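Understanding the architecture of this molecule
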Amino acid sequence: NDVFPSVEVKDFNGISVKEPQVSVGDAEVEEELKGIQERNAAVIDKKEDEKAEKDNIVTIDIEEIGEDGKAVEGTKREGFTFTLGTAENVYKIDDDIIGMKANETKEITKKYAKTDADKNLAGTTKKYSVTVKQIKVRNLPALDDDLAQDVSDKYKTLADLKADILKNLNIAKDRKIKEIKVNSLLEQLIEKNPIEIPASMLQAELNGRWGQMAQQFQTTPEQLDKMIAASGQSKEDLLKQWTGDSEKMLKSRLIVDTLLREKNISVTPEEIEAEYEKIAKDNSITVDEVKEHYKDAKAKEYLIDETKENKLYDELYKQVKVVKGDKMEFADLFKNAR
């Protein structure tokens, strides 16, 4: 029988946690506003005699023409829709379509570079027959108070919307930096304080993950086995892929639980109240609404655990070295998924 591992976390020497330096400013707010404009854009048909321009949404029928001047079988695509001037289509014929009108047909010859990302096209010359079926234009709304009010009743002016975007970006930034620091701290603690994970414990964790995946697919674990097998993979292969991650997670959990016990970390009702207030402020809702959400015992337990862990990390950061990391753009912070 597997014995529950005894965990000792003694070695904190030489641990250094880097904190990325990220600032959020006008450029990031503008980027978000652009997204809001896009989502609130009205898409309307262009008039019959109007030509296709960059950023228009076109729908085309396309087929390849062989050297004999006949259509190549199996190459016809009908109703292919994309935005002109974006990388959304493999044919890369945007420039040739610009200037065409609805219901116009044109033969286009296209030479593809040897370095083209599409291996089937690289280094070839293709001839296509293209018919433009439809041209639509995306009308972006003006960045003004009306748009802010459309987004939500809580905004009266564009300035209100911008202030809220800035606040939310900063919350997202702080949350991500916190996650990066915690991951770095735990990785180093795992390295310095080796733990043997019993096979049964790992198996239980992997089975749990399998069950969760089945839930996501709204099926049973047994059905999931069959689905995965039908897709040409095996459960064993997938579990093997997950093993490293699962081991790391179990080791992290054991280290955190051990330190919570050793350092006797607990939270008071007042600290939970303060958490409620912070959540309310972050989400622009009332404390009563937050409490309503945490009326569920499981949700409240999760919040208490999270608050305890945050207290633990704050203590540990006093024990190890926290240094300023590299300066980083806000967007890059989220690209480094680790």
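The present account deals with the structure reproduced in this document. Along each chain, residues carry numbers from 1 onward, in the same order as the chain's sequence is written. Per-residue local features are limited, in this predicted model, to residues with pLDDT of at least 70; the limit for side-chain atom pairs, both in listing and counting, is 80 or more; totals at the level of whole chains, interfaces and linings are taken over all residues. The basis for every side-chain value is the complete set of non-hydrogen atoms in the structure, without hydrogens or water.

Quick word on the side chain of Asn56
With respect to the helices and strands, Asn56 occurs in the loop between β2 (42-45) and β3 (57-64). When sequence neighbours within four positions are dropped, the list of residues in contact with Asn56 reads Lys46, Lys51, Phe82, Thr83, Leu84, Ile135, Lys136 and Val137. Under the DSSP-based scheme used, a helix requires at least four consecutive residues in state H or I and a strand at least two consecutive residues in state E, with every element numbered from the N terminus. For this analysis, residues touch if any pair of their heavy atoms sits within 4.5 Å.

Considering the nonpolar core
Counting 35 residues, the largest nonpolar core has Leu185, Leu189, Ile255, Leu259, Tyr313 and Leu316 as the members making the most contacts within it. Among the elements of the structure, α4 (158-192), α5 (199-216), α6 (221-230), α7 (235-262) and α10 (297-319) are those that each provide at least two residues to this core. Looking at this core element by element, the count peaks at nine residues for α7. Discounting residues that sit within four places of it in the chain, Leu259 has contacts with Val9, Phe12, Leu189, Asn264, Leu312 and Leu316. To qualify as a nonpolar core, a set must consist of buried Ala, Val, Leu, Ile, Met, Phe, Trp, Tyr and Cys residues joined through side-chain atoms within 4.5 Å. Note on classification: 1.4 Å probe, protein chains only; a residue is buried when its accessible area is under 20% of the maximum for its type, exposed when over 50%, partly exposed between these limits. Core analysis: the second largest hydrophobic core is formed by 18 residues, Ile62, Phe80, Leu121 and Val130 among them.

Some thoughts on the packing of aromatic side chains
Side-chain rings of Phe, Tyr and Trp, where Trp is taken by its six-membered ring, are said to pair if the distance between their centres is within 6.5 Å; with planes under 30 degrees apart they count as stacked, over 60 as edge-to-face, and otherwise as tilted. Applying the stated criterion across every chain yields a total of six aromatic pairs. Taking 5.9 Å as the distance between ring centres and 50° as the angle between the ring planes, the aromatic pair formed by Trp210 and Trp242 counts as tilted. Separated by 32 residues along the polypeptide, Trp210 in helix α5 and Trp242 in helix α7 bring together distant segments of the chain. By the ring-pair criterion, three or more aromatic residues cluster together here, those being Phe80, Phe82, Tyr91 and Tyr128. By definition, being over a ring means that NZ of Lys or CZ of Arg is both within 6 Å of the ring centre and within 35 degrees of the ring normal. Sitting over the ring of Phe80, Arg77 keeps its end group 4.0 Å from the ring centre. The cationic tip of Lys181 hangs over the ring face of Tyr317; the distance from NZ or CZ to the ring centre is 4.4 Å.

Observations concerning the packing of α5 against α7
For the pair α5 and α7, interaxial distance at closest approach is 9 Å and the crossing angle is 115°. Handedness of the crossing formed by α5 with α7: right-handed. Every residue of α7 that contacts α5 at Met201, Leu202, Gln203, Glu205, Leu206, Arg209, Trp210 and Met213 is listed here: Lys235, Leu238, Leu239, Trp242, Thr243, Asp245, Ser246, Glu247, Met249, Leu250, Arg253 and Leu254. Lys, Arg, Asp and Glu make up the charged group, whereas Ala, Val, Leu, Ile, Met, Phe, Trp, Tyr, Cys and Pro make up the nonpolar group; the residues left over, Gly among them, are polar. When the residues that make up the contact of α5 with α7 are grouped by side-chain class, the tally is eleven nonpolar, three polar and six charged. What counts as an axis is a line fitted to C-alpha atoms, over the stretch in contact for a helix, and the angles between N-to-C directions run from 0 to 180 degrees. Here a crossing is called left-handed whenever its near helix is offset anticlockwise from the far helix by less than a right angle, and right-handed whenever the offset is clockwise.

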